Amino acid sequence: MGVAFKRILLKLSGEVLAGPKTTGIDNDTVVKISKSIKKVADMGVEVGIVVGGGNFWRGRTSEGMDRTRADHIGMLATAMNSLALCDALEQLGAVVRVQTAIEMRQIAEPYIRNKAIRHFEKGRIVIFGCGTGSPFFSTDTAAALRSVEINADALLKATNVDGVFDKDPNKYPDAVKFDRVSFRETINRDLKVMDSTAFSLCKDNDMPILVFNLDDPENICKAVSGEAIGTLVRNFD
């Protein structure tokens, strides 16, 4: 089976790890996702992963909480998810390293770009935790930043919809999905792909974004294999 990308950055939301439980971590769901990630790695693709923390923490849950502190709690949530995903992948026989943007040396490596590249060259999966390490930035932005830093061929954004639509498909049954759309058209039509900081980072650095549905974890393999799945956002002009 051929591959469309040699090195990818896979962005997973924390919510997908909760599965039907909606909060926390659902082991069966994590294993299913990990099996597909392992399959992609076995295809010779170098895999970096950024995972969110929404299954544990979403923004300021207490009125008046300091935004910086709330974001730091969210970073710790992503670290928990990173370790859980790492463990599931290792149980399947994958070789994995977790790197965190906030130092916690007893449980993970600090994020060092060159070390991450070396891990890829040795066939290891690298999971990037704690977002960017700074408050006021989403894990989408962290995924965009890491994808550019590691020279990924594409950022694969796994979501709960089939791709990018001209309007919200959950509200409008006549919403039309794009198979391919340029960064410029996405901005002109105000299509929702990622937050503006993450999107601008990808646009300015010519980083393609493939948005697809993770309801079926096998879609990760299909995306890497170049099958017509989801929506590809890139500079076509």
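Residues numbered from 1 in each chain as written. Predicted model: local features only at pLDDT ≥ 70, side-chain atom pairs only at ≥ 80, totals over all residues. Heavy atoms only, no water.

S.K.: What is the right way to read the environment of Lys192 from this model?
M.R.: Here Lys192 is to be found in the loop between α6 (183-188) and α7 (196-204). Along the backbone, Lys192 and Ile220 are 28 residues apart, and their C-alpha atoms lie at a distance of 21 Å. Polar side-chain contacts of Lys192 include one of 3.2 Å to the side chain of Asp190. (Helix = DSSP H or I, 4+ residues; strand = E, 2+ residues; numbered from the N terminus. Polar contact = N/O pair within 3.5 Å; in protein donor to acceptor, adjacent residues only side chain to side chain.)

S.K.: Would you explain the sheet that holds strand β9 (residues 180-182) in this entry?
M.R.: By way of backbone hydrogen bonds, the strands of a sheet pair with one another, either parallel or antiparallel. Ordered by their spatial adjacency, nine strands build an open sheet running β4-β3-β5-β2-β1-β6-β10-β11-β9, and the pairing between neighbours is mixed. Of all strands in the sheet, those bounded by a partner on one side alone are β4 (109-110) and β9. Strand direction decides the pairing type here: strand β1 (residues 7-12) and strand β6 (residues 154-159), joined by four bridges, are parallel. Bridge pairing in β6 links Leu9 to Leu155. Running at roughly 165 degrees to strand β5 (residues 125-129), helix α3 (residues 67-91) makes contact with β1, β2 (46-51), β3 (96-100) and β5 of the sheet. (Pairing = 2+ DSSP bridges. Contact = heavy atoms within 4.5 Å. Axes fitted to C-alpha atoms, helices over the stretch in contact; angles between N-to-C directions.)

S.K.: Please explain helix α2 (residues 27-42) as it appears in this structure.
M.R.: The α-helix advances 3.6 residues per turn, and as a result positions three or four apart in sequence lie on the same side. With 16 residues, α2 should cover 22 Å at 1.5 Å per step; its first-to-last C-alpha distance of 22 Å lies within 8% of that length. Looking at α2, one finds that the buried residues are Thr29, Val30, Ile33, Ser34, Ser36, Ile37, Lys38 and Val40. Downstream of α2 by one or two residues, Gly44 has phi in the positive range, about 95 degrees. (Expected span 1.5 Å × (residues − 1). Buried < 20%, exposed > 50% of the residue type's maximum accessible area, 1.4 Å probe, protein only.)

S.K.: Would you mind going over the layout of surface pockets with me for this structure?
M.R.: Left-over empty space is what a probe sized like a water molecule reveals as it rolls over the atoms. Taken as a whole, the largest pocket holds about 1,000 Å³ of empty space. Lining the largest pocket are 40 residues, and of these Ser13, Gly14, Glu15, Gly54 and Arg58 lie nearest its centre. Contributing elements (two or more residues each) for the lining of the largest pocket: β1, α1 (14-18), α2, α3, α5 (139-149) and β6. Looking at which element gives the most residues to the lining of the largest pocket, the answer is α3, with six residues. Its residues placed into classes, the lining of the largest pocket shows 13 nonpolar, 17 polar and ten charged. One number sums up the size of the second largest pocket: a volume of about 370 Å³. Elements supplying a minimum of two residues to the lining of the second largest pocket: β6 and β7 (164-165). Of the residues assigned to the lining of the second largest pocket, the class counts are seven nonpolar, four polar and seven charged. (1 Å grid on protein atoms, 1.4 Å probe; cavity = no way out; pocket = protein on both sides within 12 Å on 5 of 7 lines; lining within 4 Å. Points joined across faces, edges and corners; volume = space filled by probe spheres on them. Nonpolar A, V, L, I, M, F, W, Y, C, P; charged D, E, K, R; others polar.)

S.K.: What's the story with the nonpolar core in this structure? I'm lost.
M.R.: Soluble globular proteins: nonpolar side chains tend toward being buried together. Counting residues in each nonpolar core, the largest one holds 36 residues, and the members touching the most others are Leu10, Leu12, Ile37, Ile49, Leu89, Leu156 and Phe212. Of all hydrophobic cores here, the second largest spans 28 residues; its members include Phe128, Ala142, Ala198 and Phe199. (Core = buried A, V, L, I, M, F, W, Y, C linked by side-chain atoms within 4.5 Å.)

S.K.: Honestly, the pattern of salt bridges in this entry has me stumped. Any pointers?
M.R.: Pairs can form between side chains of opposite charge once their charged atoms are near each other. Applying the stated criterion across every chain, the model contains 15 salt bridges. Of the charged contacts, one joins Glu218 and Lys39 as a salt bridge, the two residues approaching to 3.0 Å between their closest N and O atoms. One end of the pair, Glu218, is in the loop between β10 (209-213) and α8 (219-224); the other, Lys39, is in helix α2, and 179 residues separate them in sequence. Since its relative accessible area comes to 31%, Glu218 is described here as partly exposed. In this structure, Arg118 and Glu121 form a salt bridge, with 3.4 Å as the shortest nitrogen-oxygen distance. With Arg118 and Glu121 both in helix α4 (residues 113-121) and three residues apart, the pair spans about one turn of that helix. (Salt bridge = Lys/Arg side-chain N within 4 Å of Asp/Glu carboxyl O.)

S.K.: In this structure, what is going on with the packing of α5 against α7? I would like to understand it.
M.R.: Each pair of packed helices gets described by two things: the angle between the helix axes and the distance between those axes. One can describe the packing of α5 onto α7 by two numbers: an axis separation of 7 Å at closest approach and a directional angle of 15 degrees. The angle between α5 and α7 falls in the class roughly parallel. Note on packing geometry: the crossing formed by α5 with α7 is left-handed. Where α5 approaches α7, its residues Asp140, Thr141, Ala144, Leu145 and Val148 are matched on the opposing element by Thr197, Ala198, Leu201 and Cys202. Tallied by class, residues from the contact of α5 with α7 come to six nonpolar, two polar and one charged. (Parallel < 35°, antiparallel > 145°, perpendicular 65-115°, else oblique. Left-handed = near helix turned anticlockwise from the far one by under 90°.)

S.K.: I keep staring at the pairing of β1 and nothing clicks. Help me out?
M.R.: Working note: regular strand, side chains alternate between the two faces of the sheet. Most of β1 sits inside the fold, with six of its six residues counted as buried. Two strands pair when backbone bridges link them, and β1 and β2 are joined in this way by six bridges, in the parallel orientation. Within β2, the position partnered with Leu9 by the bridge is Gly48.

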